[in-house]
Amino acid sequence: MRVPLSWLREYVDLPAGETGRDVQAKLVAAGLEVETVEQLGAGLKGPLVVGQVLAIEELEGFKKPIRYCQVDVGQANGTGEPQNIVCGARNFAVGDKVVVVLPGAELPGGFAISARKTYGKTSEGMICSAAELGMSDDHDGIIVLPPEHEAGTDAIELLQLVDEVLDIAVTPDRSYCLSMRGIARETGIAYELPLRDPALLDVPAPNSHGYPVKVADPVGCDRFTARTVTGLDPEAHSPIWLRRRLQKAGLRPVSLAVDVTNYVMLEIGQPLHAYDRSRVTGTIGVRRAEPGEKLTTLDGTQRVLDAEDLVITDDSGPIGLAGVMGGANTEIADAVADPETGRIQGTTDVVIEAAHFAPVPIARTARRHKLSSEASRRFERGVDPEAASAAAQRTVDLLVLLAGGTAEAGVTEIISPGAPHTITLRADHPDRVAGVAYGRETVVRRLQQIGCDVYGADDLTVTVPSWRPDLRDPNDLAEEVIRLEGYENLPSTLPHPPSGRGLTERQRLHRRVGRALAGAGYVEALNYPFIGEEVLNQLGLAADDPRRDLVRLVNPLSDAEPALRTTLLPGLLAALRRNAGRGEHDLALFETGLVFRATGDEPPAVRLPVDHRPTDEEIAQLDAALPSQPRRAAVVLAGDRQQAGWWGKGIPVSWADAVEAGRTVAREAGVELIVRQDQQDPWHPGRCAALLAVVDGEEILVGNAGELHPRVTKALGLPERTCAMEIELDRLQRAGTGPVTSPHVSAFPVATQDVALVVDDSAAAADVEKALREGAGELLESLRLFDVFTGEQLGEGKKSLAYALRFRAPDRTLTADEVAVARDAAVAVAAERTGATLRGA
């Protein structure tokens, strides 16, 4: 809503020196969003005067028509002699009054005016268009003024070129502020000044002589006022003050009748429509449209109506979309000269419609037909129903005054029965909401300022004004008191929430895993949880792979990704591909999050109520309908794990780095992983590891790690030898020993023993390691595989596994014999279980 400050002063007696910025500060403090204050006429300097065209000479020989004009500017030039001005516009003739800017003046934008030679003539000034003066964007021609203005009159004051305009972003709940009346009311409250309400008019009582109207849908239209004005002068034009106010408010002047209805809409907030009475046949009606009916609206578009559209009709059918736009068949006709008689013809009799329509039907119609108008914007937010008759009377008065019309005595007013909305409010309710002691007197005074009638002592009965449909309950009234008393006066106090139970163990594990991977050099990449069938094909998943059982979305964001992910790898690999394509070659990314696994046994989801809290049983039924959502962690790697430098060559990533990432995650859950060779898509069959953990004495698969299959890296456009790991955190948590405790720091020295064991090539290093741990007993502090060797000296089908064993006692220094006994016991158990023999023995 654009609000000219000069117009606002008509309703509120603002202090003489008050600027637009001052008013902006007051309105912002009252809760309105004043986005900008536009300074109209900034940089404009006179002389800018009214001139009368005395003569026009057409200049020939140029690419475009050029006219050399003599213009009388009175005594504005100091001599009284006509000004000679070159002009290219052709929408004026000899005798017309125009706007002339003289040498020495300056137009908006720093455009200085001086006498200069052009087109072979000396031009002593310029004849101005609306765009050049900043009045509008109209470049079609220069401004032609009404003939009653004398040459030499100051045009700056005449055209009201200097003003301030407040641009206010009106929120949907403050519909009354889409009018000068509403903004003036807020301004009066902010300044503690009285309001001159433009809707306080003497309106004649309805009678049976008005234009016939029939409302068939009293729910969609609960009030309809019709007034008739006859004998309008077809040649009458909107006065300058009216056109300028419309322009400042952002509307384009059209014709007198249309401009008057737009002006009253801006002034009072009630949308109106004027029908050419000669084009309306029979009774005006309000009803729902018949399916398939057609209407050509004022924008020239033929529209096929819907059965829910509320329409205005006459005996011929629809003549307008109610509350949105009128029909072309009853629009006000432009004044034209009869070619035979020369008499001006046009609309002389009009029927004024001022109705109140329900917000929902108007909003739906405007969206259905993609036809947002100034009227629909107001109706869909809520219009004051009590303002209809006053707006109609104001329109009639202006048409009589400006167009010489006669108001007919007939007044049609159809009103559906209704009662004002009342709210019961405890006088201290705003105090308890804001935490401030306002007191009953302040609460009553503020509510009365916004137009409420208030009765009662401790329990107040508040009757809401008709222009505030947003006030529905006590909290709405409390908000009005708080905003008018000033949000800035609310104390800054911290809330005192009850103490919580802290994070769950699942949440703690999730955070520990993220911190551990970040500490290991990985960068977190958060991805959308959506995938499509194509990426599963690129990963090479088998047709019966459980990861192909997708949970599909009813309204996906993208048709290419219509389902929820069953694995974290597609999103991470896509992120790795994007970064590699942008020149980042050494990459280590991780993500933790949910995947979605459908079992096919989920029952249909129940529809929860919206008018009360669902029962525990209903919530349980809804949870049962959800797919399984295990929490996972995954990493992807490419390039060098250790960069090259002066210290030597870089070390490229390998399957072992992916396995180590799995161990890093498992350690945060207090789990020691068992690693075995595996074959699982999308990993390379010879470089894929199964990550296992022990739950209730049984080994279960918790994830996989390794190098991706070459076909997968090629299909996805990934760097060669890309590696990945994915592990399930919920299973790790079940296998864990609870919260991870810090290790005991011993003051006694460590004893290290290395053993190299020869085993069959098919033996798993994890099985050998497990046997060594169990055989070594409690003195074993740690165990690490540091070498794997194969060669002819070992024999065919054999390999050597070298382990470093660290022994330490918490209460003493170990002797050589104790260490040897523990080492030999570990080797013996390994030999018994895996057939291992000491290398070189």
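As shown above, the structure is provided for reference.
Everything in this summary refers to the structure shown in the same document. (Residues numbered from 1 in each chain as written. Predicted model: local features only at pLDDT ≥ 70, side-chain atom pairs only at ≥ 80, totals over all residues. Heavy atoms only, no water.)

**Section: the overall build of the protein chain**
Inference 1: Of the regular secondary structure elements, the protein chain holds 21 helices and 45 strands.
Inference 2: Its C-alpha atoms give the protein chain a radius of gyration of 42 Å, more than 25% over the compact-globule value 28 Å for 841 residues.
Inference 3: A principal-axis box enclosing the C-alpha atoms of the protein chain has dimensions of 130 × 80 × 55 Å.
Inference 4: Per-residue burial over the protein chain gives 46% buried out of 841 residues.
Inference 5: Carbon and sulfur atoms provide 50% of the accessible area of the protein chain, an area that totals close to 42000 Å².
Inference 6: Side-chain charges of the protein chain comprise 88 positive and 122 negative groups, with the mean position of each set lying 4 Å from the other. (Helix = DSSP H or I, 4+ residues; strand = E, 2+ residues; numbered from the N terminus. Rg over C-alpha atoms; globule rule 2.2 N^0.38 Å. Buried < 20%, exposed > 50% of the residue type's maximum accessible area, 1.4 Å probe, protein only. Areas by Shrake-Rupley, 256 points an atom, 1.4 Å probe, with all protein chains shown as cover. Lys, Arg positive; Asp, Glu negative; His and termini not counted. Charge placed at Lys NZ, Arg CZ, Asp CG, Glu CD.)

**Remarks on the sheet that holds strand E31 (residues 530-531)**
Inference 1: Reading across the sheet, the three strands line up as E31-E33-E32 and stay open at both edges, with antiparallel pairing between neighbours. Each edge of the sheet is formed by a strand with only one pairing partner; in this case those strands are E31 and strand E32 (551-552).
Inference 2: Note: E31 against strand E33 (residues 563-564), two bridges, orientation antiparallel. By the bridge assignment, Phe530 is partnered in E33 with Leu564. (Pairing = 2+ DSSP bridges.)

**A word on the pattern of salt bridges**
Inference 1: Using the criterion set out here, one finds 60 salt bridges in the structure.
Inference 2: Between Asp217 and Arg288 there is a salt bridge, with the nearest N and O atoms lying 2.6 Å from each other. Taken together, the positions of Asp217 in the loop between strand E14 (213-215) and strand E15 (221-230) and Arg288 in strand E17 (residues 284-288) put the pair 71 residues apart, joining distant regions of the chain.
Inference 3: One connected set of salt bridges, linked through shared partners, spans Arg174, Glu186, Arg468, Asp470, Glu480 and Arg483. (Salt bridge = Lys/Arg side-chain N within 4 Å of Asp/Glu carboxyl O.)

**Points about the packing of aromatic side chains**
Inference 1: Scanning the entire structure with this criterion turns up six aromatic pairs.
Inference 2: Ring centres of Trp7 and Tyr263 lie 4.9 Å apart, and the angle between their planes is 10°; on these two criteria the pair is classed as stacked. Here Tyr263 lies in helix H6 (residues 256-268) and Trp7 lies in helix H1 (residues 5-8), a separation of 256 residues in the sequence.
Inference 3: According to the relative accessible area criterion, Trp7 is buried, its value standing at 0%.
Inference 4: The exposure class assigned to Tyr263 is buried, which follows from its relative accessible area of 1%.
Inference 5: Plain terms: the ring middles of Phe357 and Phe379 are 5.2 Å apart, the flat faces sit at 70° to each other, and that makes the pair edge-to-face. Remark: Phe379 occurs in helix H8 (residues 374-379) and Phe357 occurs in strand E25 (residues 350-357); sequence separation between them is 22 residues.
Inference 6: Residue classification places Phe357 among the buried residues on the basis of a relative accessible area of 1%.
Inference 7: Accessibility expressed as a relative area gives 2% for Phe379, which makes it buried.
Inference 8: Joined through ring pairs, the aromatic side chains of Trp7, Trp241 and Tyr263 make up one cluster.
Inference 9: Against the face of Tyr191 rests Lys26, its NZ or CZ located 5.2 Å from the ring centre.
Inference 10: The ring of Phe92 has Arg67 sitting right over it, with the charged end atom 4.7 Å from the ring centre. (Phe/Tyr/Trp six-rings, centres within 6.5 Å; stacked < 30°, edge-to-face > 60°. Lys NZ or Arg CZ within 6 Å of the ring centre and 35° of its normal.)

**Some details on the pairing of strand E3 (residues 48-59)**
Inference 1: In terms of strand pairing, E3 meets strand E6 (residues 97-101) through five bridges, oriented antiparallel. Among the inter-strand pairings, Gly51 is bridged to a residue of E6, identified as Val98.
Inference 2: Between the end of E3 and the start of strand E4 (residues 66-72), which pair antiparallel, lie six residues, with Gly61 showing a positive phi angle near 90°.

**Focus on the sheet that holds strand E43 (residues 780-789)**
Inference 1: Here we have four strands laid out as an open sheet, ordered E43-E44-E42-E45, and antiparallel in their pairing. Each edge of the sheet is formed by a strand with only one pairing partner; in this case those strands are E43 and strand E45 (837-838).
Inference 2: Pairing between strand E42 (residues 751-760) and E45: two bridges, direction antiparallel. When the sheet's bridge partners are listed, Val758 is paired in E45 with Thr837.
Inference 3: Along the sheet face, helix H21 (residues 816-834) touches E42, strand E44 (798-807) and E45 and points at about 15° away from the line of E42. (Contact = heavy atoms within 4.5 Å. Axes fitted to C-alpha atoms, helices over the stretch in contact; angles between N-to-C directions.)

**Observations concerning helix H9 (residues 388-403)**
Inference 1: Helix length check: H9, at 16 residues, gives a terminal C-alpha distance of 22 Å against a target of 22 Å (1.5 Å per residue), a fit within 8%.
Inference 2: When H9 is considered as a whole, its buried residues turn out to be Ala388, Ser389, Ala390, Ala391, Ala392, Gln393, Thr395, Val396, Leu398, Leu399 and Ala403.
Inference 3: Following H9 by one or two positions, Gly404 has its phi on the positive side, about 70°. (Expected span 1.5 Å × (residues − 1).)

**Topic: the pairing of strand E38 (residues 674-677)**
Along a regular strand, successive side chains alternate from one face of the sheet to the other.
Inference 1: Pairing of E38 with strand E39 (residues 683-695), which is carried by four bridges, proceeds in the antiparallel orientation. Of the residues in E39, the one forming a bridge with Ile674 is Leu692.
Inference 2: What sits between E38 and E39 in their antiparallel hairpin is a turn of five residues.

**Section: the environment of Ala747**
Inference 1: Structurally, the position occupied by Ala747 is in the loop between helix H19 (729-735) and E42.
Inference 2: Ala747 gets classed as exposed once you look at its relative accessible area, which sits at 78%.
Inference 3: Sequence separation between Ala747 and Glu524 is 223 residues, and the spatial gap between their C-alpha atoms is 38 Å.

**Here we look at helix H15 (residues 569-581)**
Residues separated by three or four positions in an α-helix point in the same direction, a consequence of the helix having 3.6 residues per turn.
Inference 1: The end-to-end C-alpha distance of H15 is 18 Å, a good match for the 18 Å that 13 residues give at a rise of 1.5 Å each.
Inference 2: For H15, the full list of buried residues reads Leu569, Pro570, Gly571, Leu572, Leu573, Ala574, Ala575 and Leu576.
Inference 3: The positive-phi residue at the C-terminal boundary of H15 is Gly583, with phi of around 95°.

**Observations regarding unusual backbone geometry**
Inference 1: Omega for the peptide link from Asp681 to Pro682 comes to 10°, which places this bond in the cis form.
Inference 2: Structurally, Pro682 can be placed in the loop between E38 and E39.
Inference 3: At Gln160, a residue that is not glycine, the phi angle is positive and equals roughly 50°.

**Side note on the side chain of Thr566**
Inference 1: The residue Thr566 is located in the loop between E33 and H15 in this model.
Inference 2: We classify Thr566 as buried; its relative accessible area is 0%.
Inference 3: A distance of 2.7 Å separates a polar atom in the side chain of Thr566 from the backbone oxygen of Arg547.
Inference 4: Discounting chain neighbours no more than four positions away, the residues touching Thr566 are Ile531, Arg547, Asp549, Leu550, Val595, Phe596, Arg597 and Arg632. (Polar contact = N/O pair within 3.5 Å; in protein donor to acceptor, adjacent residues only side chain to side chain.)

**Side note on the environment of Glu698**
Inference 1: With respect to the secondary-structure elements, Glu698 resides in strand E40 (residues 698-708).
Inference 2: C-alpha of Glu698 to C-alpha of Pro103: the two residues are 595 residues apart in sequence and 99 Å apart in space.

**Side note on the packing of helix H5 (residues 240-248) against H6**
Inference 1: At a minimum axis separation of 10 Å, H5 and H6 run at an interaxial angle of 55°. Taken together, the axes of H5 and H6 are oblique relative to one another. Helix-helix and strand crossings are classified by hand; for H5 and H6 the assignment is left-handed. Facing H5, whose interface residues are Trp241, Leu242, Arg245 and Leu246, H6 presents Leu256, Asp259, Val260, Asn262, Tyr263 and Leu266. (Parallel < 35°, antiparallel > 145°, perpendicular 65-115°, else oblique. Left-handed = near helix turned anticlockwise from the far one by under 90°.)

**As for the side chain of Glu267**
Inference 1: With respect to the helices, strands and loops of the structure, Glu267 is situated in helix H6.
Inference 2: Exposure remark for Glu267: the relative accessible area of 2% places this residue in the buried category.
Inference 3: A polar contact is formed between the side chain of Glu267 and the side chain of Tyr11, at a distance of 2.8 Å.
Inference 4: Once residues lying within four places of it in the same chain are set aside, the contact partners of Glu267 are Trp7, Tyr11, Ser179, Met180, Arg181, Pro198 and Arg394.

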